[in-house]
Amino acid sequence: MNAPQLAEDTVQVTLLAVSGPSALAVQTLSQHFGLSVKRAESVLSQGHGMIATNMAMAAARAVLPLLASLGLQVAILPTGAEPEAERHDLSIRLTNSFHAARLIRTLHRLVGPGNMNSHWFDGPSGMVLEGLTAAKIEWITAALRPISGVQLTVTMQRVALYDLFCTIETDTTDMMQLRRHLRLLGCPTSGFGDTLASGLDRRSLDHVMARFGQSGVFGINQDFARFDLLVSGKGSLTDQEFADFLITRTGCTPKMVRAITPTAPMRIESCLTRTAASQFLGDYGAIGIPAFARLIRH
């Protein structure tokens, strides 16, 4: 008589994230996990959800490479296990440095002591706390709400997308190798502003960083990134129209306007979100002024 299969040999499979064309995965989920086409399409469109509640561990592990090749990130847990709590990342910015000391004292109480200063809340993504539960986010938000000038941005780790940038010191040879590698990975190498690649998921970013991180490459969560907007010339405007526009918009002097060139652009907007910067670029393009976005580096 065969011994019954032990409970430890059965698992449940949960979809955590989708980073590829979901249509290609419908038949795979249907074939390997017994889902109807409609159910498979529903789970993939949501980007997460239970795929199998009770299947052999060996069968689940055997299909992992295929799922990974289709851009599906899954978790294999014991049957009946509670799904892992959704994790979030939190960006903290401060628009009023007068309140920096109070913010730092509060954060020391909330997340523990550290060598913080007001500059931690600046830069391309502000101060980022990673891997927080929704309850922890609510707790921190409530504690920081009374502090004037604090800006909080939350993103779910499961669906977060990252843009890839490099420092000005990055070697040209390293850059060529990086771009070649990104093409092999299928990562879009043209993106917003001064990005090297756009829309990487966390797994792809970690892979690139492990290989090229020492070359000065770094990734920024798209939700956290902040950009300056710069103009590089008068475009289709006359000299007088261009000067009138910039003087009215920024309060600059005529001499400053005359000094603008493609190699010496003028900053016209500061600390914009990715969405806001895109909107401004559209507006300036409609006016006829050449403008571009550049990630805030400090």
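This text goes with the structure placed above it.
Everything quoted here is computed from the prediction, not taken from an experiment.

Peer 1: What is the right way to read the packing of aromatic side chains from this model?
Peer 2: Enumeration over the complete set of coordinates arrives at four aromatic pairs. Look at Phe-165 and Phe-218: their rings are 5.9 Å apart centre to centre, the planes differ by 25 degrees, and that puts the pair in the stacked class. Of this pair, Phe-165 sits in strand E7 (residues 162–166) while Phe-218 is found in strand E9 (residues 217–221), placing the two residues 53 residues apart along the sequence. Like Phe-218, Phe-165 is buried. Their ring planes at 85 degrees and their centres at 5.0 Å tell us that Phe-192 and Phe-227 sit as a pair that is edge-to-face. With a gap of 35 residues between them, Phe-192 in the loop between helix H7 (172–185) and strand E8 (197–200) and Phe-227 in strand E10 (residues 227–231) connect regions that are remote in the sequence. Exposure class is identical for Phe-192 and Phe-227. Each is buried. Counting every residue linked through ring pairs, the aromatic cluster contains Phe-245, Phe-280 and Tyr-284. In this structure, Arg-202 packs its charged tip against the face of Tyr-162, placed 5.2 Å from the ring centre.

Peer 1: Teacher, can you tell me more about the packing of H7 against helix H8 (residues 202–212) here?
Peer 2: Working note: a packed helix pair is described by the angle between its axes plus the distance between those axes. Where H7 contacts H8, the two axes come as close as 12 Å, and the packing angle between them is 150 degrees. Looking at the two axes, H7 sits roughly antiparallel to H8. Considering only the axes of H7 and H8, their crossing is right-handed. Each of Asp-174, Gln-177, Leu-178, His-181, Leu-182 and Leu-185 in H7 lies in contact with H8, whose residues at this interface are His-207, Val-208, Arg-211 and Phe-212.

Peer 1: Please explain the sheet that holds strand E3 (residues 72–78) as it appears in this structure.
Peer 2: Strand pairing in a sheet relies on backbone hydrogen bonds. The paired strands run either parallel or antiparallel. A sheet is described by the order of its strands in space; here three strands give the open sequence E2-E1-E3, paired in antiparallel fashion. Lying at the two open borders of the sheet, with one neighbouring strand each, are strand E2 (49–56) and E3. Taken pair by pair, the neighbouring strands of this sheet meet at an average axis angle of 25 degrees, ignoring direction. Inspection of the sheet shows strand E1 (residues 10–18) paired to E2 by five bridges, in the antiparallel sense. Bridging from a neighbouring strand, Thr-10 pairs with Ala-56 of E2.

Peer 1: Please clarify how the environment of Val-159 should be interpreted in this entry.
Peer 2: With respect to the secondary-structure elements, Val-159 resides in the loop between strand E6 (150–156) and E7. Once the C-alpha coordinates of Val-159 and Arg-202 are considered, the two residues, 43 residues apart in sequence, prove to be 8.7 Å apart.

Peer 1: Could you clarify how one ought to interpret the packing of helix H1 (residues 26–33) against helix H2 (residues 37–46) in this entry?
Peer 2: Direction vectors running N to C along H1 and H2 enclose 120 degrees, while the axes themselves pass 9 Å from each other. Classified by the angle between their axes, H1 and H2 sit oblique to one another. The crossing of H1 and H2 is right-handed. Facing H1, whose interface residues are Val-26, Gln-27, Leu-29 and Ser-30, H2 presents Val-37, Ala-40, Glu-41 and Leu-44.

Peer 1: Even after reading the chapter, I still don't get the layout of surface pockets, so can you show me in this structure?
Peer 2: To find the voids left in a structure, one rolls a probe of water-molecule size over its atoms. Roughly 590 Å³ of internal volume is contained in the largest pocket. In this structure, the largest pocket is lined by 22 residues; those nearest its centre are Leu-16, Glu-86, Arg-87, Gln-157 and Arg-158. Listing elements by their share of the lining of the largest pocket, those giving two or more residues are E1, E3 and H8. A total of four residues in the lining of the largest pocket trace back to one element, the largest contributor, which is E1.

Peer 1: Just checking my understanding: could you explain the sheet that holds E6 for this structure?
Peer 2: Taken in spatial order, the three strands of this open sheet run E5-E4-E6, and their pairing is antiparallel. Strands at the two margins of the open sheet, each flanked by one partner only, are strand E5 (127–132) and E6. The mean inter-strand angle of the sheet, taken between neighbouring strand axes irrespective of direction, is 20 degrees. Alignment of strand E4 (residues 88–94) against E6, held across seven bridges, turns out to be antiparallel. Across the sheet, the residue bridging to Ser-91 is Thr-153, located in E6. In this fold helix H5 (residues 100–111) packs onto E4, E5 and E6, with an angle of close to 155 degrees to the strand it touches most, E4.

Peer 1: Can you walk me through the nonpolar core in this structure?
Peer 2: In globular proteins that are soluble, nonpolar side chains generally tend to be buried together. Grouped together as the largest cluster of nonpolar side chains are 24 residues, with contacts concentrated most on Phe-227, Val-231, Phe-242, Leu-246 and Leu-295. Sorting the residues of this core by element identifies E9, E10, helix H9 (239–250), strand E11 (266–272), helix H11 (274–287) and strand E12 (291–295) as the ones contributing at least two each.

Peer 1: I keep staring at H5 and nothing clicks. Help me out?
Peer 2: In an α-helix, one full turn covers 3.6 residues, which means residues spaced three or four apart are oriented alike. Here H5 spans 16 Å end to end across 12 residues, near enough to the 16 Å set by a 1.5 Å rise per residue. Among the residues making up H5, those that are buried are Ala-100, Leu-103, Ile-104, Thr-106, Leu-107 and Leu-110. Taken around the axis of H5, the buried residues stretch over an arc of 165 degrees, which confines them to a single face. Opposite the buried face of H5, by more than 90 degrees, sit the exposed residues Arg-105 and Arg-109.

Peer 1: Just to check I follow, could you spell out the pairing of E4 for this structure?
Peer 2: The two faces of the sheet receive side chains in turn, since in a regular strand these alternate between them. With seven of seven residues buried, E4 is to be regarded as a mostly interior element. Burial along E4 is two-sided: the face carrying His-88, Leu-90, Ile-92 and Leu-94 and the face carrying Asp-89, Ser-91 and Arg-93 are both buried. With four bridges joining them, E4 and E5 adopt antiparallel strand pairing. Looking at the pairing, Ser-91 lines up with Val-128 of E5.

Conventions and cut-offs
Residues numbered from 1 in each chain as written. Predicted model: local features only at pLDDT ≥ 70, side-chain atom pairs only at ≥ 80, totals over all residues. Heavy atoms only, no water. Phe/Tyr/Trp six-rings, centres within 6.5 Å; stacked < 30°, edge-to-face > 60°. Helix = DSSP H or I, 4+ residues; strand = E, 2+ residues; numbered from the N terminus. Buried < 20%, exposed > 50% of the residue type's maximum accessible area, 1.4 Å probe, protein only. Lys NZ or Arg CZ within 6 Å of the ring centre and 35° of its normal. Axes fitted to C-alpha atoms, helices over the stretch in contact; angles between N-to-C directions. Parallel < 35°, antiparallel > 145°, perpendicular 65-115°, else oblique. Left-handed = near helix turned anticlockwise from the far one by under 90°. Contact = heavy atoms within 4.5 Å. Pairing = 2+ DSSP bridges. 1 Å grid on protein atoms, 1.4 Å probe; cavity = no way out; pocket = protein on both sides within 12 Å on 5 of 7 lines; lining within 4 Å. Points joined across faces, edges and corners; volume = space filled by probe spheres on them. Core = buried A, V, L, I, M, F, W, Y, C linked by side-chain atoms within 4.5 Å. Expected span 1.5 Å × (residues − 1). Arc of directions from axis to C-beta.

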